[in-house]
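What follows is the residue order along each chain.
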Amino acid sequence: HFADAFRANGLEKFTTDAIMDVFRRLTERMLAVNEVMNLTALTTVEKIIPLHYADCALVADRFPMGASVADVGCGGGFPTLPVAILRPDLRITAIDSTDKKVRYVRETAQLLGLSNVSTLTARAEDLGRDPTKREIFDVVTSRAVARLNILDELCLPLCCTGGTMLFLKGAAGQDELSEATAGIRRLGGDEPILETYTLN
């Protein structure tokens, strides 16, 4: 399943035996925990691989080498865990206001040997006012958390000068971007760029 789904989306370079083995262990762990904690609505490997793993893998190359990354609203670990597997050079801080989800991400990263993941239980709006967390991340990312006009206000304070915000959005992404562009400029962000991917 894994190799086929990744190849169908042009992600052949991520289909090594070692990478596939880590994703297999992630899937087993996620499905086991999902029975007692709501991590994902997707409960079959056939759906998890393209819609969770390939979706995150499509942006794995968009992070600068060695970047410090904040994943705001990490939830069940997306994109933190797939990106951490595929980009061991990154330093990823998974942030969520729900402690049990943060604990799941931290324990799963440890089980998978992902030493490039750290976690933080906090609300993004509080972190944006914390001088030790403000403007320190090269990239701030988020997936399926809030509308873009809300996300930009939560995430931009965490982003360093010259840094990047990278948001994974569904079909409504274009409409959300139109709605948020003026606010992004007002907050000091550059002109946003929309890139469209089709998952196969």
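About the criteria used
Residues numbered from 1 in each chain as written. Predicted model: local features only at pLDDT ≥ 70, side-chain atom pairs only at ≥ 80, totals over all residues. Heavy atoms only, no water. Core = buried A, V, L, I, M, F, W, Y, C linked by side-chain atoms within 4.5 Å. Buried < 20%, exposed > 50% of the residue type's maximum accessible area, 1.4 Å probe, protein only. Helix = DSSP H or I, 4+ residues; strand = E, 2+ residues; numbered from the N terminus. Contact = heavy atoms within 4.5 Å. 1 Å grid on protein atoms, 1.4 Å probe; cavity = no way out; pocket = protein on both sides within 12 Å on 5 of 7 lines; lining within 4 Å. Points joined across faces, edges and corners; volume = space filled by probe spheres on them. Nonpolar A, V, L, I, M, F, W, Y, C, P; charged D, E, K, R; others polar.

Asker: How should the nonpolar core be read in this particular structure?
Answerer: Most often, soluble globular proteins keep nonpolar side chains buried together rather than apart. Counting residues in each nonpolar core, the largest one holds 45 residues, and the members touching the most others are Phe-6 and Tyr-53. Of all the secondary-structure elements, those providing two or more residues to this core are helix 1 (2-8), helix 2 (17-34), helix 3 (45-57), helix 4 (80-86), strand 2 (91-96), helix 5 (99-111) and strand 5 (159-168). Excluding residues within four positions of it along the chain, Tyr-53 makes contact with Phe-2, Phe-6, Phe-23, Leu-26, Thr-27, Met-30, Ile-48, Phe-78 and Pro-82. Core analysis: the next-biggest nonpolar cluster, separate from the first, contains 18 residues, Ala-122, Ala-124, Cys-155 and Ala-180 among them.

Asker: Is there a simple way to explain unusual backbone geometry in this structure?
Answerer: Negative phi characterises most residues that are not glycine, and trans characterises most peptide bonds. Following Phe-78, the chain continues to Pro-79 via a peptide bond in cis, the omega torsion being 5°. On the secondary structure map, Pro-79 appears in the loop between strand 1 (68-72) and helix 4. At Glu-135, a residue that is not glycine, the phi angle is positive and equals roughly 55°.

Asker: Any chance you could explain empty space enclosed by the protein here in plain terms?
Answerer: To find leftover empty space, a probe the size of one water molecule is rolled over the atoms. Considering all chains together, one arrives at one cavity of 30 Å³ or more under this definition. If you add up the space inside the largest cavity, you get close to 30 Å³. Contributing to the lining of the largest cavity are Phe-63, Val-69, Asp-71, Pro-79, Thr-80, Val-83, Ile-92 and Thr-141. Among the elements of the structure, strand 1 and helix 4 are those that each provide at least two residues to the lining of the largest cavity. When grouped by side-chain class, the residues that make up the lining of the largest cavity number five nonpolar, two polar and one charged.

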